[in-house]
Amino acid sequence: IVGGVTAAYWLVFGEVSRVDDTGNFAYRQELLRTTLAYLSEHPFFGDFNFARRGRFDHLLQGQNIIYITNYFLQIALFFGFIGFAMVFTPFIGTGLRLISAIRRRAYAKSQPLSRTQIGLFGSLVAWAVVAATTSDIGITVHVGIVVCALGHAAYLVSRETAADDVPSDEALSPAPG
């Protein structure tokens, strides 16, 4: 998270031309700056026709398209911050649940760490990095949904396993009779 915030800050306010001779970072920087300025005007619900409003014309590519190189920005532009929250809450929630399950197992001496949960959390983070550097072309979105669903399932399995390890009140009390 800290690395992502630092990279975003550098991309908005830093001097990227010193690092990138091809102009790739400069294009992404200008895209981010223009998007943030546009979102300040349409923060809640975005604007599905943002590309036709003229604010992004300086970002037109050779095929007369605006290449949104960040899936997160693309969702925010189309649907605003409300839509952004609705789309990405399951991913954030799954990531936090996986962290919780991994930490719970790390502190419990009776259970080994789950490689599945750690791997799925790493896959979710890797998907977020890919989504931050590409648009919604190909199967990027579908892979994210599958990883999110598998991560949530792994969390639920760990919760069931943890519940099985804790004795219940019924098991401790004598049977009526």
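One can find the structure itself at the top, above this paragraph.
So, here is what we can say about the structure in this document. Since we're looking at a predicted model, the values are computed, not measured.

### As for the overall build of the protein
Next up, step 1: Along its length, the protein carries 6 helices and 0 strands.
Next up, step 2: Ordered by position from N to C terminus, the α and β elements of the protein give α-α-α-α-α-α.
Next up, step 3: Expressed as a percentage of the 177 residues in the protein, the buried residues total 33%.
Next up, step 4: Sequence separation of at least 24 residues holds for 60% of the intrachain contacts in the protein that already meet a minimum separation of 6.
Next up, step 5: As displayed, the protein offers around 11400 Å² of accessible surface, 65% of which is attributable to carbon and sulfur atoms.

### With respect to a nonpolar patch on the surface
Next up, step 1: On the surface, a cluster of nonpolar side chains totalling about 490 Å² of accessible area is made up of Phe44, Phe45, Ile82 and Met86.
Next up, step 2: When you line up the elements, Ile82 lands in helix H3 (residues 71–107).
Next up, step 3: Ile82 gets classed as partly exposed once you look at its relative accessible area, which sits at 33%.

### Thoughts on the nonpolar core
Next up, step 1: Judged by nonpolar contacts, the single largest core of 14 residues is most densely connected at Leu31, Phe50, Phe56, Leu59, Ile66, Ile68 and Leu77.
Next up, step 2: Going through the elements one at a time, helix H1 (2–13), helix H2 (24–41) and H3 are the ones with two or more residues in this core.
Next up, step 3: In terms of residue count, H2 provides more of this core than any other element does, 4 residues in total.
Next up, step 4: Aside from chain neighbours lying at most four places away, what touches Phe50 is Tyr38, Phe56, Ile68, Leu77 and Phe78.

### A few points about the pattern of salt bridges
Pairs can form between side chains of opposite charge whenever their charged atoms are close.
Next up, step 1: With the rule as written, the count across this model stands at 2 salt bridges.
Next up, step 2: Across the pair Arg55 and Glu41 runs a salt bridge whose closest N-O atoms are separated by 2.5 Å. Of this pair, Arg55 sits in the loop between H2 and H3 while Glu41 sits in helix H2, placing them 14 residues apart in sequence.
Next up, step 3: Judged by relative accessible area, Glu41 falls into the partly exposed class, the value being 46%.
Next up, step 4: Salt-bridge contacts for Asp47 lead to Arg53; the nearest nitrogen and oxygen are separated by 2.9 Å.

### Brief notes about helix H4 (residues 115–133)
Next up, step 1: Between its first and last C-alpha atoms H4 spans 27 Å; for 19 residues at 1.5 Å apiece the expected length is 27 Å, and the two agree.
Next up, step 2: Residues of H4 that are buried include every one of Gln117, Leu120, Leu124, Trp127 and Ala131, and no others. Seen from one end, H4 has its buried residues packed into an arc of 80°, which puts them on one side. Facing away from the buried side of H4 by more than 90 degrees, the exposed set consists of Arg115 and Val129.

### Some thoughts on the side chain of Thr69
Next up, step 1: Relative to the helices and strands, Thr69 is located in the loop between H2 and H3.
Next up, step 2: A relative accessible area of 3% means that Thr69 is categorised as buried.
Next up, step 3: Not counting residues up to four positions away in its chain, the partners in contact with Thr69 are Tyr27, Arg28, Leu31, Ala132, Thr133, Thr134 and Ser135.

### Quick notes on the packing of H2 against H3
The relative placement of two packed helices comes down to the angle between their axes together with the axis-to-axis distance.
Next up, step 1: The geometry of H2 relative to H3 is characterised by a closest axis approach of 10 Å and an angle of 10° between their N-to-C directions. What the angle tells us is that H2 and H3 run roughly parallel. Note on element contacts: H3 touches H2 through Leu73, Ala76, Leu77 and Phe81, opposite Leu31, Leu32, Thr35, Tyr38 and Leu39.

### Digging into unusual backbone geometry
Next up, step 1: Phi at Asn64 is positive, roughly 60°, even though this residue is not glycine.
Next up, step 2: With respect to the helices and strands, Asn64 occurs in the loop between H2 and H3.
Next up, step 3: Judged by relative accessible area, Asn64 falls into the exposed class, the value being 58%.

Reading guide: rules and limits
In every chain, residue numbers begin from 1 and rise along the written sequence. Since the coordinates come from a predicted model, pLDDT governs what is reported: local features require at least 70, and pairs of side-chain atoms require 80 or more to be given and counted, while whole-chain, interface and lining totals use all residues. Heavy atoms from the whole structure form the basis of all side-chain values; hydrogens and water molecules are not counted. Helix and strand labels come from DSSP, where a helix needs a run of H or I of at least four residues and a strand needs a run of E of at least two; each type is numbered from the N terminus. Only protein chains enter the calculation, and the probe is 1.4 Å; a residue is then buried if its accessible area is under 20% of its type maximum, exposed if over 50%, and partly exposed in between. By definition, residues are in contact when any of their heavy atoms lie within 4.5 Å. Only the protein chains shown count as cover for residues, with accessible areas throughout obtained via the Shrake-Rupley method and a probe of 1.4 Å. For patches, a residue must show more than 30% relative accessible area and have no salt bridge; joins then use 9 Å for like charges and 5 Å for nonpolar side chains, namely Val, Leu, Ile, Met, Phe, Trp and Tyr. Salt bridges are identified by distance alone: a Lys or Arg side-chain nitrogen within 4 Å of an Asp or Glu carboxyl oxygen. Working definition of a nonpolar core: buried Ala, Val, Leu, Ile, Met, Phe, Trp, Tyr and Cys residues. They are joined through side-chain atoms within 4.5 Å. The span one expects for a helix is its residue count, reduced by one, times 1.5 Å. Working note: the arc is built from the helix axis to C-beta atom directions. Orientation is described by lines fitted to C-alpha atoms, with helices fitted over the stretch in contact, and by angles between N-to-C directions that extend from 0 to 180 degrees. Oblique is the label for every angle not falling under 35 degrees (roughly parallel), over 145 degrees (roughly antiparallel), or within 65 to 115 degrees (roughly perpendicular).

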